[in-house]
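# Inside the fold
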Amino acid sequence: MAHLKTVERAMPPDTFLDFRNVVHEATASMDVGKLYHFAFWHDLDASPTNYVEQVAMDLFDHLPAEAKAEVVGFEWWLGRLEFPYHANFPFKAHQDVGRNPVTLAREHPSISSVYYLTTNDDGPLVVFDGPPEIEAKDWEAYFPAENSFVMFPGTLWHTVSSREEVEEVEEAMEEAVAQPSQTRLSVQFNWWKYRPKVGEGAGVSKDYRGDIFPALRIQ
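Below: a short report on this structure. (Residues numbered from 1 in each chain as written. Predicted model: local features only at pLDDT ≥ 70, side-chain atom pairs only at ≥ 80, totals over all residues. Heavy atoms only, no water.)

## Considering the nonpolar core
Counting 42 residues, the largest nonpolar core has Leu 78, Tyr 115, Phe 149, Phe 189, Trp 191 and Leu 216 as the members making the most contacts within it. Residue assignment for this core shows that the elements contributing at least two residues are α1 (13-27), α3 (51-59), β3 (73-81), β6 (111-116), β9 (148-153) and β11 (184-192). Aside from chain neighbours lying at most four places away, what touches Phe 149 is Lys 5, Thr 6, Val 7, Ala 10, Leu 59, His 62, Leu 63, Ser 113, Val 114, Tyr 115, Phe 189 and Trp 191. Val 114, Ala 145, Val 150 and Phe 152 belong to the second largest nonpolar core, which has 10 residues in total. (Core = buried A, V, L, I, M, F, W, Y, C linked by side-chain atoms within 4.5 Å. Buried < 20%, exposed > 50% of the residue type's maximum accessible area, 1.4 Å probe, protein only. Helix = DSSP H or I, 4+ residues; strand = E, 2+ residues; numbered from the N terminus. Contact = heavy atoms within 4.5 Å.)

Next up, the structure:
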């Protein structure tokens, strides 16, 4: 299994640091239980209205060629977890889903992805090749590394796990950096061939208006 594609140093250093500060400010007072339910949509042919969409337009260049040729937009939401990260993650193991606006069938994005803003030696992303069973060992783990962009097929189950659960995966442990209690910051992007029907993704994917997360607005 080798489904994870990772781009280290995905953004220029100054851009990354400014963006991390903005996301930190935007999420600082938000209850984690609500944070992951605010999802937004952006069409690729529209002008960015906030810093997340602006950064995403650059991250788009890292997508696999096939995905770049077919996606028309992306939904995004912010992630902020305190230690223990896996215990505070509200969705547990899940697939990203949405309804096709024409057929109403439940489908998956072309690509699911995470842009990490902090380095943490716990709370790895775990992506499963089949059913979400840690015991089956049929999965890949990635420990958050700042300014890294991680992509995987949108059909796959995934979750935020713990260091303890994946400690037998030597490759993952070698990438870990000892910062056990630091806030875990990330931005999630699902890249779609169409805009999924409202309410069937990670949250209600609506257009960003600036009333929620005003710190993200482009000045």
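## Some remarks on empty space enclosed by the protein
Using the criterion set out here, one finds one cavity of 30 Å³ or more in the structure. Estimated volume of the largest cavity: approximately 190 Å³. Lining the largest cavity are 19 residues, with Phe 89, His 94, Val 114, His 158 and Gln 188 sitting closest to its centre. Counting residues per element, the ones that place at least two in the lining of the largest cavity are β6, β10 (158-160) and β11. Split into classes, the residues belonging to the lining of the largest cavity amount to nine nonpolar, eight polar and two charged. (1 Å grid on protein atoms, 1.4 Å probe; cavity = no way out; pocket = protein on both sides within 12 Å on 5 of 7 lines; lining within 4 Å. Points joined across faces, edges and corners; volume = space filled by probe spheres on them. Nonpolar A, V, L, I, M, F, W, Y, C, P; charged D, E, K, R; others polar.)

## Regarding the sheet that holds strand β7 (residues 125-128)
In spatial order, the strands read β8-β7-β10; together these three strands make up an open sheet with antiparallel pairing. Both edges of this open sheet fall to β8 (139-142) and β10, since each of them pairs with a single strand only. Between one strand axis and the next, the sheet turns by 20° as a mean value, whatever way the strands run. When β7 meets β8, the two strands line up antiparallel, connected through four bridges. When the bridges of β8 are listed, Phe 128 appears paired with Trp 139. (Pairing = 2+ DSSP bridges. Axes fitted to C-alpha atoms, helices over the stretch in contact; angles between N-to-C directions.)

## Let's talk about the sheet that holds strand β12 (residues 206-207)
Think of a sheet as strands paired side by side through backbone hydrogen bonds, with each pair either parallel or antiparallel. Here seven strands make up an open sheet; going across it, the order is β1-β9-β6-β11-β3-β2-β12 and the pairing mixed. Across the chains shown, the open sheet's two edge strands, defined by having one partner strand only, are β1 (5-7) and β12. Judged from the four bridges that link them, strand β2 (residues 40-43) and β3 form a sheet pairing that is antiparallel. Each residue of the ladder has a partner; that of His 42, found in β3, is Phe 74. Seen against the sheet, α1 touches β3, β6 and β11 and runs at an angle of roughly 100° to β11. On the sheet, α3 packs against β2, β3, β6, β9 and β11 and is oriented at approximately 115° with respect to β3.

## Some thoughts on the side chain of Ser 186
Note that Ser 186 resides in strand β11. Overall, Ser 186 belongs to the buried group, its relative accessible area being 0%. Polar contacts involving the side chain of Ser 186 include one to the side chain of Gln 188, which spans 2.7 Å. Other than its neighbours up to four places away in sequence, Ser 186 contacts Leu 78, Gly 79, Val 114, Tyr 115, Tyr 116 and Leu 117. (Polar contact = N/O pair within 3.5 Å; in protein donor to acceptor, adjacent residues only side chain to side chain.)

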